[in-house]
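# Overview (structure and organization)
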Amino acid sequence: MNGRTPGWQRRGFNIAAMRTEAQRVLPRAIFDFVDGGAGDEVTLRRNEAAFDEVSLLPRPLGGAAKRDMSITLFGQKLSMPLMVAPTGLAGLLWPQGEAASARAAAAAGTAYCLSHGSVCTLEALAETGATPRWMQTYIYKDRELTREIAGRAEAAGYKALVVTIDTQIVGNRERDTRNGFTIPPRLSVGEVARMAFKLPWLMRMRSEIPKITFGNYKRPGEAEDLTALAERMLSLPDPAFTWRDIEWLRGIWPGALLLKGVLHPADGAEAVANGVDGMLVSNHGGRQLDGAAAALDALPAVAEAVDGRAAVLLDGGIRRGSHVIKALALGADCCLIGRPQFWGLAVGGEAGVAHVLEIFRREIDLAMGLSGLAKISDISRDILLRKN
Ligand SMILES: Cc1cc2nc3c(=O)[nH]c(=O)nc-3n(C[C@H](O)[C@H](O)[C@H](O)COP(=O)(O)O)c2cc1C
């Protein structure tokens, strides 16, 4: 850095500005892969808009001169109620992108959840020593593959297993279709030419691109064909899975087990009945079923159905510290960020993700201070204006 603050750090003063910075540095097809949602992107927009529909009722005399925003989740202390969501292909944005994000999360005192679709292997990520570390997976047609991933995650010291339930079939992401960011890639000549204009990304990534793979799916000695690997990977999750599979997974995974993609309160209750430790109220950041409810709108009923018997987490549209406070007031124990982490990664690697997490820490602290909230347990429905 030569003692000078990088330009993106000065310009990226909030999460929306970091998105703009990411757009500046990434090839359009990659920016859109991160930024886009399914179909008409109704759910994507709803996720963010839902936070504006909820109002805080500050109580400035709450004695919040000093704020403690730490929480304990599954026996692990997090410095704030915000962690990094599983996001595939981080290694396409920055060399060893997964390791960069995990290190930034660990340095910020929070957790990182590795995607099944990471470029690196789950073992390589574990070698960074970054903790707390969670692993995301699916219920595969070949249950032995699910068992294998769970076993590898356990051996590599992952404390929680997150089973994503909303992506057994991949959603219709039309920006990717338009840009040719498909499997196999069908990039137009114009798109390839545009990539060349994103020189810093190209220079940084040129020796990495030939190595991009889905690390967790590559078998020793298997041919390097990324297209075949990706096609196989997308065909693996089992759309015919049921609660019996969750019950089975519960039996073989000794750590914390979470479901990701719960929106219906009945599924929240069913998840508890099947022995999960937690769930993510999530619509995959609007990337799967377009028209699905905003995660924040679905949260209160799920939290009510769970009634404290399991942890309830939320992701989708978190762009401000005050959004985290609102989600906690509506029943979440912790929030996760997907895209904001990727925007940070794209502009500054580990430093970029650290910057994004610092923006959130500052904003959560400010919102707590202005609301008169000294600690996380002070947050309840009481701090919201009820609209009847
Ligand atoms: C580029 C990208 C890749 C993602 N990959 C995965 C994945 O591999 N597994 C998964 O469960 N969720 C994945 N997600 C969804 C995120 O975990 C999370 O639910 C979502 O990004 C939250 O919304 P936000 O981006 O508004 O924060 C991905 C999201 C993005 C943007």
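Criteria and thresholds
- Residues numbered from 1 in each chain as written.
- Predicted model: local features only at pLDDT ≥ 70, side-chain atom pairs only at ≥ 80, totals over all residues.
- Helix = DSSP H or I, 4+ residues; strand = E, 2+ residues; numbered from the N terminus.
- Rg over C-alpha atoms; globule rule 2.2 N^0.38 Å.
- Buried ≥ 20, exposed ≤ 12 C-beta atoms within 10 Å, placed from the backbone.
- Contact = placed C-beta atoms within 7 Å.
- Pairing = 2+ DSSP bridges.
- Right-handed = clockwise from strand over helix to strand, strands pointing away.
- Near = placed C-beta within 6 Å.
- Nonpolar A, V, L, I, M, F, W, Y, C, P; charged D, E, K, R; others polar.
- Core = buried A, V, L, I, M, F, W, Y, C linked by C-beta atoms within 7 Å.
- Axes fitted to C-alpha atoms, helices over the stretch in contact; angles between N-to-C directions.
- Parallel < 35°, antiparallel > 145°, perpendicular 65-115°, else oblique.
- Left-handed = near helix turned anticlockwise from the far one by under 90°.
- Arc of directions from axis to C-beta.

## Quick look at the overall build of the chain
Check the secondary structure of the chain and you find 16 helices and 10 strands. For 388 residues, the compact-globule formula gives about 21 Å, and the C-alpha radius of gyration of the chain, at 20 Å, lands near that figure. For the C-alpha atoms alone, the extent of the chain along its principal axes is close to 60 × 55 × 40 Å. Buried residues in the chain amount to 48% of all 388 residues. Of the contacts made within the chain by residues no fewer than 6 positions apart, 72% connect residues no fewer than 24 positions apart.

## A closer look at the pairing of strand β9 (residues 311-315)
Regular strands have side chains that alternate between both faces of the sheet. Extensive coverage of β9 is indicated by the burial of five of its five residues. The side-chain alternation of β9 yields two buried faces, one formed by A311, L313 and D315 and the other by V312 and L314. Bridging between strand β8 (residues 278-281) and β9 involves four bridges; their strand directions are parallel. In the strand pairing of β9, G278 is matched with A311. Crossover β8 to β9 through helix α14 (residues 295-306) is right-handed. Bridge count for β9 against strand β10 (residues 334-337) is three bridges, and the pairing is parallel. Residue pairing for β10: L313 is matched across the bridge by C334. With helix α15 (residues 321-329) bridging β9 and its parallel neighbour β10, the resulting β-α-β unit is right-handed.

## Observations regarding the environment of A303
Here A303 is to be found in helix α14. Residue A303 is classed as buried on the basis of its 22 C-beta neighbours within 10 Å. C-alpha separation for the pair A303 and A332, spaced 29 residues apart in sequence, amounts to 7.2 Å. Not counting residues within four places of it along the chain, the set of residues in contact with A303 comprises V312, L330 and G331.

## Focus on the pairing of β10
Side-chain alternation along β10 places C334 and L336 on one buried face and C335 and I337 on a second face that is also buried. Pairing analysis gives three bridges linking strand β3 (residues 82-84) to β10, with the strands arranged parallel. If you follow L82 over to β10, its bridge partner there is C335.

## Some details on the site of the ligand
The environment of the ligand is made up of 25 residues, and the closest members are A85, G88, S115, G285 and G338. Breaking the shell around the ligand down by element, the ones donating at least two residues are α3 (28-35) and α16 (339-371). Of the residues in the shell around the ligand, the class split is seven nonpolar, 14 polar and four charged.

## Some words on the nonpolar core
Within the largest apolar cluster, 116 residues are counted, with the highest numbers of intra-cluster contacts made by V281 and L299. If we skip the residues at most four places from it in the chain, L299 touches V281, L314, A327, L330, G331 and A332.

## A short note on the packing of α15 against α16
Viewed as axis vectors pointing N to C, α15 and α16 meet at an angle of 60°, and their least axial separation amounts to 7 Å. Viewed along their axes, α15 and α16 adopt a mutual orientation that is oblique. When the axes of α15 and α16 are compared, the crossing they make is right-handed. On α16, the residues touching G321, S322, V324 and I325 of α15 are F360, E363, I364, L366, A367, M368 and S371. Counted by class, the contact of α15 with α16 contains seven nonpolar, three polar and one charged residues.

## Some words on unusual backbone geometry
T131 connects to P132 through a cis peptide bond whose omega is -10°. Within the fold, P132 resides in the loop between α6 (122-126) and β5 (133-137). Even without being glycine, F74 reaches a positive phi, approximately 50°. Secondary-structure assignment places F74 in the loop between β1 (71-73) and β2 (76-78). Residues other than glycine seldom take positive phi values, yet D307 does so here, at roughly 50°. Mapped onto the fold, D307 is located in the loop between α14 and β9. Judged by local crowding, D307 falls into the exposed class, with 12 C-beta atoms found within 10 Å.

## Quick word on helix α4 (residues 42-52)
For α4, the full list of buried residues reads T43, L44, R46, N47, A50 and F51. The arc that holds the buried residues of α4, viewed along the axis, is 170°, so those residues lie on one side. Taken together, the buried residues of α4 touch α14 and α15.

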